[in-house]
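Below, each chain spelled out in residue letters.
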Amino acid sequence: MNIKLDNIGIIKSSNIQLDGLTVITGQNNSGKTTVGKVIYSLVDAVSNLSAKAENDRLMYIADVLRDIRENFEIFRFSRRVYSENEVSIFSKDSAINFLLYQFNITPRGFVFSDEYENIESFSHALRDELAEFDVNSIDENPTFFKYYKRFSVNSENTDGTKDKIKNQINKAISALDKMFKDIERDPELIDYARESINQTLRVEFSKQIQPVKFDVKNSRIEVTDDATIMFAFDIVDNKLVNNGNPVFFDIPYKKAYFIDNPFVLDSSTYRRIYVTHDFENNTILNTRRILPHEVKLNYTLKSGKKTTVFEETVINHGLTEIKQKIDEVISGDFEFNSDGEFYVKDGKKLYLTNLATGSKMFSILKMLVDKGEVDEGTLLVLDEPEAHLHPSWQNKFAEIIVLLVKYLNAGVLLTSHSPNFVLAIDAYMRKYDITDKTNFYQTNHLDDYFVEYKNANDDIGLIYDDFMRYLSEVKVLRDVYFNGTGDNHDQ
């Protein structure tokens, strides 16, 4: 799979091959993370697209129904009258009455009566009842008019009340008609996919997908596999261009995880997250679920364990070896309950917040593997995972990564600025014979502030030369002062 970036972040124009294991090296602030953010955003935005669209469709309908119930005066008043006096101008077995007093959303779904097959059929029934409702029925309900007059301004006569009710009902019908058009407008999910990608990229890039220092009008992202196009779209003003054409076609990954912060385990799963979205397109996309990668990773890590196919049917030798390698560093099982979040090690409770930083990085990987989250359809984006690890643990981490690619066929894209870690990856990818699906890249600064990715497969020594350059500089400096000539700063 090839990823082509033009004017994304500080990347001017570069191609990255993602076959199994991809390693990107370079200095700080040289755009190493850019391709990881892009590919994570693309995979996360479109994974399980149909299921996401169906859930968002239901939430969109529910939001419209709640707006109708809460924002229109006649409905707000009717609920108050009903609750206080048990009087209503609506039949108790009607869809209108159901919306006012019974409709609700729970963690398990929507609350419905047996009369309605689903939330959409209920919405159509509601629309029909509103259209057929006779405002003259309030003449038969003087109690309702008496209380409406008390709580409403400028309701001095029955005719005025009727006009107000009719106006409110017309607004509700218009809202429902618009909703019906919206949920049927994009059957192939073309606009939905585009906006899902757009919002995810904007969250991961903090709304600055294009270069900051230069006024670049057009940017482009393409993902291809041989001659097959998977993604292709332009970006203008930090938003995907809507030219009416599909931007997403297919991708080999079912899910992606972006891991750049070992302290993700310390944050609460349910803490409130505020993310602002510029939402212009008329789609059913629920932007409330477009959250930063850390929030999604935290939820996955602390959710219930899944039973994998391997565990249900056969013992996979590769998976067993991977788990053994991880247990050599950090053993035991994770457990979360209402008393707190802790890691059980050798039968003793050890709170996650007390784990060493390096242990937390191994813990994240251990959780994902134990839950069956890492397989052939998984892409792991690891941003400088070695940063908190001792060289001995860097070696172990590198071996585990290579084994994930070899035995589970997972995709791994990682960045690093550690010569030890890159060397370990280099060594283990040769030991386990995955050189044919491993690629090394080095970021290269251009004269115009921009950066490009340079493939180093044929000359990986360039990466080590870059690392050694800075080691040599401080070694020379150290030797100068060690030999007693430190007074000569110019030297």
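Every value quoted in this text rests on a predicted model; they were computed, and no experiment measured them.

A. Local environment of a negative patch on the surface. Together, D19, D225, D226, D433 and D436 make up a negatively charged patch on the protein surface. On the secondary structure map, D433 appears in the loop between α14 (419-431) and β15 (438-445).

B. Expanded view of the pattern of salt bridges. Counted according to the given criterion, the structure contains 26 salt bridges. K296 is the partner of D44 in a salt bridge, and the nearest nitrogen-oxygen pair spans 2.5 Å. Taken as a pair, D44 in helix α1 (residues 34-46) and K296 in helix α9 (residues 293-302) lie far apart in primary sequence, 252 residues in all. By relative accessible area, D44 is classed as buried at 10%. The partner of K254 in a salt bridge is D375, with the nearest N and O atoms 3.9 Å apart. Here K254 is found in the loop between β8 (239-240) and β9 (255-259), whereas its partner D375 is found in the loop between α12 (357-370) and β13 (378-383), with 121 residues between them in sequence.

C. View of a nonpolar patch on the surface. On the surface, M468, L471 and V474 cluster together into a nonpolar patch covering about 270 Å² of accessible area. Judged by its relative accessible area of 42%, M468 is partly exposed.

D. Region of interest: the environment of I11. Here I11 shows up in strand β2 (residues 11-17). Since its relative accessible area comes to 0%, I11 is described here as buried. Taking the C-alpha atoms as reference, I11 lies 9.4 Å from H445; in sequence the two are 434 residues apart. I11 has contacts with L5, D6, G31, T34, F450, V451 and Y453, leaving out every residue within four places of it along the chain.

E. Representation of α14 within the structure. Under the 1.5 Å per step criterion, the end-to-end length of α14 is 18 Å for 13 residues, consistent within 8% with the ideal 18 Å. Along α14, the positions that sit buried rather than exposed are F421, V422, A424, I425, D426 and M429. On the buried face of α14, the contacting elements are β3 (21-25), α13 (391-408), β14 (411-416), β15 and α15 (461-482). Two residues or fewer past α14, D433 is found with a positive phi of approximately 55°.

F. Summary view of the packing of helix α11 (residues 317-329) against α13. Axis separation between α11 and α13 bottoms out at 9 Å; the angle between their running directions is 165°. Here α11 is positioned roughly antiparallel relative to α13, judged by the angle of their axes. The handedness of the crossing between α11 and α13 comes out as left-handed. Along its contact with α11, which presents G318, L319, E321, I322, K325, I326, E328 and V329, the element α13 presents W393, K396, E399, I400, L403, L404, Y407 and L408. Classifying every residue of the contact of α11 with α13 by side-chain character gives ten nonpolar, one polar and five charged.

G. Molecular detail of the packing of aromatic side chains. A full pass over the atoms with the stated rule returns ten aromatic pairs. Measuring from ring centre to ring centre gives 5.3 Å for F362 and W393, while their planes differ by 75°; the resulting arrangement is edge-to-face. In this pair, F362 sits in helix α12 while W393 sits in helix α13, placing the two residues 31 residues apart along the sequence. The exposure class assigned to F362 is buried, which follows from its relative accessible area of 0%.

H. Representation of the side chain of K360. Within the secondary structure layout, K360 lies in helix α12. With residues up to four places along the chain from it excluded, the contact list for K360 reads P262, F263, L265, D266, L352, T353 and L355.

Cut-offs applied
- Residues numbered from 1 in each chain as written.
- Predicted model: local features only at pLDDT ≥ 70, side-chain atom pairs only at ≥ 80, totals over all residues.
- Heavy atoms only, no water.
- Patch = residues over 30% accessible without salt bridge, like charges linked within 9 Å, V, L, I, M, F, W, Y side chains within 5 Å.
- Areas by Shrake-Rupley, 256 points an atom, 1.4 Å probe, with all protein chains shown as cover.
- Salt bridge = Lys/Arg side-chain N within 4 Å of Asp/Glu carboxyl O.
- Lys, Arg positive; Asp, Glu negative; His and termini not counted.
- Charge placed at Lys NZ, Arg CZ, Asp CG, Glu CD.
- Helix = DSSP H or I, 4+ residues; strand = E, 2+ residues; numbered from the N terminus.
- Buried < 20%, exposed > 50% of the residue type's maximum accessible area, 1.4 Å probe, protein only.
- Contact = heavy atoms within 4.5 Å.
- Expected span 1.5 Å × (residues − 1).
- Axes fitted to C-alpha atoms, helices over the stretch in contact; angles between N-to-C directions.
- Parallel < 35°, antiparallel > 145°, perpendicular 65-115°, else oblique.
- Left-handed = near helix turned anticlockwise from the far one by under 90°.
- Nonpolar A, V, L, I, M, F, W, Y, C, P; charged D, E, K, R; others polar.
- Phe/Tyr/Trp six-rings, centres within 6.5 Å; stacked < 30°, edge-to-face > 60°.

Everything listed here is a matter of coordinates, which is why it stays silent on function.
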